[in-house]
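Tertiary structure, described
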Amino acid sequence: MRLVVLYLLAVLWLYGVDVDVPAQPKRDFTIGYFYDENGTLGIDDVRKLPFDRTLGSRFTLGYFTGGVHWFRIDITNRTENPRLLLYFTNLYARTFTCYCPHDGRYLSDEEGSRSKFGDHSYGDKNPLLELSIATGESQSVFVRVDSYFAIVGEFIIYPDYLTYVAHKKEYHLGFAYYYGAMSFVILVNMFLFLTLRLRVYGYYVGYLIFFGLFISTVNGLNNNMGLVSRTQFFHALVPLSSVFFIYFTISLLELKEHTPRLCKALKGLSVLLVVTALLINIDIRPWYMVLNNLSTLVFLILLAASVKVAYRGIKKARIYLAILIAHLISLAMMSNMYLGELPNNDINQYSFMVVSLLEFAFFTLILANKINEETSEKLRIEEMLYREKASYARKLEKEVSDRTEELKVLNHKLLKLSKTDKLTQVYNRVGLDEMLTVQWDRYRATGDRFGVILVDIDFFKKINDTFGHQTGDYALQEVARILSAALQPSDTIGRWGGEEFLIVSAFGDTDRLREAAESMRMKLEQHGFEKIGRVTGSFGIAVSGGDTRDVDDLLKRADENLYRAKETGRNRVVG
């Protein structure tokens, strides 16, 4: 913003001469008009013509080829200044020749874009000629105009040079503000492009530069630079600016995603616009008709695309659509004015520039808001990634917890399997050794005595030999089940080896331990085994305490008692 303010202050200082001019330029008068189709008539022929057709001093005639335009202006000088200035606002009058009467003949004074800018009388890019008409006298001045393009312009008569300067001051100030605003927008978007590296800003900067150069050309930039011969080149800026505008729209509204077919059509038309720019540059006619048709098609497709995107509820597409419609209306007004379909006035001529200023403002706001959109999108993505990461962490944590629990269960099962006899599903030797160690350590620490019961199935080898090993396994399983059912809750049973079982009991009293063993013996004796019938067992018991040195000593005494039970007839409890 500071850059714009400094720029406008500089312009105000440059054009800030205080001119007190009471006189006003003469405008809105009637002139005669004649069109020489062949362009062969001279002043002596033309001055005899009646000039039946009249025009306003501000007019538009449209496009002509091959002919010459003649204007007759009847002037009566009512000022005190005998030297008036005749000004014509058409930049592209190739020749502008003014014929003024002098001593019975007409003298010519020629300006126009074909003549060098340095040769213009007052250094103006438009034709500006001096008329010598004495105060109170009247003259008929004839003007011959041969134009490159449309015949659109205005004749203005200034009573003196100061009036001309005052009028041009307003004109220059208006354009100074316009170009200042455009320069500011270009700098802002250039900065955004270089900072964010987003193509949409680059496309918009390209569009603004080419469009600004074109507007400058329309207002005589190439004349001031002495590049009149390169007029075609400057007009080639129109399709090039359109190409950048197409890609700007594609990027801004994300047409590739929302309207892929229209996006492809626009890209194809952009290629044709580049070709048209080349045709304009080598002056292949009628290039302007091709350009008008292509531009119309481009804007129609842009309109359709923006309507489709706006219909989906995208806010920036609605703003773009409103700007585009205003742009099309102002462009149509200016184009039809140049075609001669609409009158030449400030609304038709300059509404396009006013709308372009609004376009610059709104598009810059949209693009500036795109930073917020990009930031919001980045934050949204970061938040989404954070949530996904947190969700994944929770999921992973749950999986780890579940796996850990599974491992605990598996380890418990594995531990149990490592301590369990596979056939009888009671403790094996490893499990029994662990329980004996626990009970012995508790006995040493607290003095609580415990006992062991060693059981051996009587004549088990005979069972295997008679009925087979499968039946023997069945017998072992049944014995384990019967003994387990007779245990106290605090007792532990395990297979000590072969057909022997060991019971670790909490009973530390010999009599109670003997009663428990006797109960087991009787239940075993009373049980009916399939195929086998009656199965008995011999029981040897031992209780810790006294002169028991360790677990091995305790087991040794139980084993000795078991041996005596077998020796004394089996199926009994000894200890």
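None of these values were measured; they are calculated from a predicted model. (Residues numbered from 1 in each chain as written. Predicted model: local features only at pLDDT ≥ 70, side-chain atom pairs only at ≥ 80, totals over all residues. Heavy atoms only, no water.)

**Some details on the packing of helix α14 (residues 460-467) against helix α15 (residues 469-485)**
Interhelical geometry of α14 versus α15 gives an angle of 140 degrees and a closest axis separation of 7 Å. Judged by the angle between their axes, α14 and α15 are oblique. Of the residues in α15, those in contact with Phe460, Ile463, Asn464 and Phe467 of α14 are His469, Thr471, Gly472, Ala475 and Leu476. Of the residues that constitute the contact of α14 with α15, the class distribution is five nonpolar, four polar and no charged. (Axes fitted to C-alpha atoms, helices over the stretch in contact; angles between N-to-C directions. Helix = DSSP H or I, 4+ residues; strand = E, 2+ residues; numbered from the N terminus. Parallel < 35°, antiparallel > 145°, perpendicular 65-115°, else oblique. Contact = heavy atoms within 4.5 Å. Nonpolar A, V, L, I, M, F, W, Y, C, P; charged D, E, K, R; others polar.)

**A look at helix α7 (residues 237-252)**
The terminal C-alpha atoms of α7 lie 22 Å apart, and with 16 residues this matches the ideal 22 Å at 1.5 Å per residue to within 8%. Extensive coverage of α7 is indicated by the burial of twelve of its 16 residues. Of all the residues in α7, the buried ones are Leu237, Val238, Pro239, Ser241, Ser242, Val243, Phe245, Ile246, Phe248, Thr249, Ile250 and Leu252. (Expected span 1.5 Å × (residues − 1). Buried < 20%, exposed > 50% of the residue type's maximum accessible area, 1.4 Å probe, protein only.)

**Section: unusual backbone geometry**
Note: most peptide bonds trans; most residues except glycine with negative phi. Backbone geometry at Asp28 places phi at a positive 60 degrees, although glycine is not the residue there. Checked against the element boundaries, Asp28 lands in the loop between α1 (2-14) and β1 (30-36).

**Some points on the pattern of salt bridges**
As enumerated under the stated definition, the model contains 18 salt bridges in all. Linking Asp74 and Arg72 is a salt bridge whose minimum nitrogen-to-oxygen distance equals 3.6 Å. Exposure remark for Asp74: the relative accessible area of 49% places this residue in the partly exposed category. For Arg72, a relative accessible area of 22% puts it in the partly exposed group. Here the residues in one salt-bridge network are Glu518, Arg521, Glu525 and Arg534, joined through shared partners. (Salt bridge = Lys/Arg side-chain N within 4 Å of Asp/Glu carboxyl O.)

**A word on the side chain of Ser351**
Along the chain, the position of Ser351 falls in helix α12 (residues 346-419). Discounting chain neighbours no more than four positions away, the residues touching Ser351 are Ser330, Met333 and Asp346.

**A word on the confidence of the model for the chain**
On average, residues of the chain score 82 in pLDDT, and 86% of them reach the 70 mark or higher. Throughout residues 1-22 the model reports pLDDT below 50, and contacts reaching past four residues in sequence, or to other chains, amount to 22 contacts. (pLDDT = per-residue confidence, 0-100.)

**Here we look at helix α9 (residues 260-281)**
Because the α-helix completes a turn every 3.6 residues, residues three or four places apart line up on one side. Look at α9: 32 Å from first C-alpha to last across 22 residues, which is about the 32 Å you get at 1.5 Å a residue. Residues of α9 that are buried: Cys263, Leu266, Leu269, Ser270, Leu273, Thr276, Ala277 and Ile280. Summarising the axial view, the buried residues of α9 lie within an arc of 125 degrees, below the 170-degree limit, and thus occupy one face. Every exposed residue of α9 that faces more than 90 degrees away from the buried side is listed here: Arg261, Lys264, Val271 and Leu278. (Arc of directions from axis to C-beta.)

**Quick word on the packing of aromatic side chains**
Going through the model one piece at a time under the given rule, you end up with 33 aromatic pairs. Between the aromatic rings of Tyr33 and Phe71, the centroid separation amounts to 5.4 Å while the plane-to-plane angle is 45 degrees, which identifies the pairing as tilted. With a gap of 38 residues between them, Tyr33 in strand β1 and Phe71 in strand β4 (residues 68-76) connect regions that are remote in the sequence. Judged by relative accessible area, Tyr33 falls into the buried class, the value being 4%. Consider the rings of Phe51 and Phe142, whose centres lie 5.7 Å apart with planes at 50 degrees: the pair is tilted. Here Phe51, found in the loop between α2 (43-46) and β2 (53-56), pairs with Phe142, found in strand β9 (residues 138-147); they are 91 residues apart in sequence, far enough to count as distant. (Phe/Tyr/Trp six-rings, centres within 6.5 Å; stacked < 30°, edge-to-face > 60°.)

**Focus on the sheet that holds strand β16 (residues 537-543)**
Spatially, five strands are ordered β12-β13-β11-β16-β17 in an open sheet, and the strand pairing comes out mixed. Where the open sheet ends on each side, the last strands, each with one partner, are β12 (492-497) and β17 (573-574). Of the pairings in the sheet, the one linking β12 to strand β13 (residues 500-505) comprises five bridges and is antiparallel in character. By the bridge assignment, Gly497 is partnered in β13 with Glu500. Packing of helix α16 (residues 510-526) onto the sheet brings it into contact with β11 (451-457), β13, β16 and β17, and relative to β16 it is tilted by some 165 degrees. (Pairing = 2+ DSSP bridges.)

**Here we look at the pairing of strand β5 (residues 83-88)**
The buried fraction of β5 is high, at five of six residues. Pairing between β5 and strand β8 (residues 128-132): five bridges, direction antiparallel. Bridge assignment links Arg83 to a residue of β8, and that residue is Ser132. Direction of pairing for β5 relative to strand β10 (residues 151-158): antiparallel, over a ladder of four bridges. Across the sheet, residue Leu86 finds its bridge partner in β10, namely Ile157.

**Some remarks on the packing of α7 against α9**
The contact between α7 and α9 brings their axes to 8 Å, and the two run at 165 degrees. Between α7 and α9, the crossing angle belongs to the class labelled roughly antiparallel. Where α7 crosses over α9, the handedness of that crossing is left-handed. Note on element contacts: α9 touches α7 through Cys263, Leu266, Lys267, Ser270, Leu273, Val274, Ala277 and Ile280, opposite Pro239, Leu240, Ser242, Val243, Ile246, Tyr247 and Ile250. A class-by-class count of the residues in the contact of α7 with α9 yields twelve nonpolar, two polar and one charged. (Left-handed = near helix turned anticlockwise from the far one by under 90°.)

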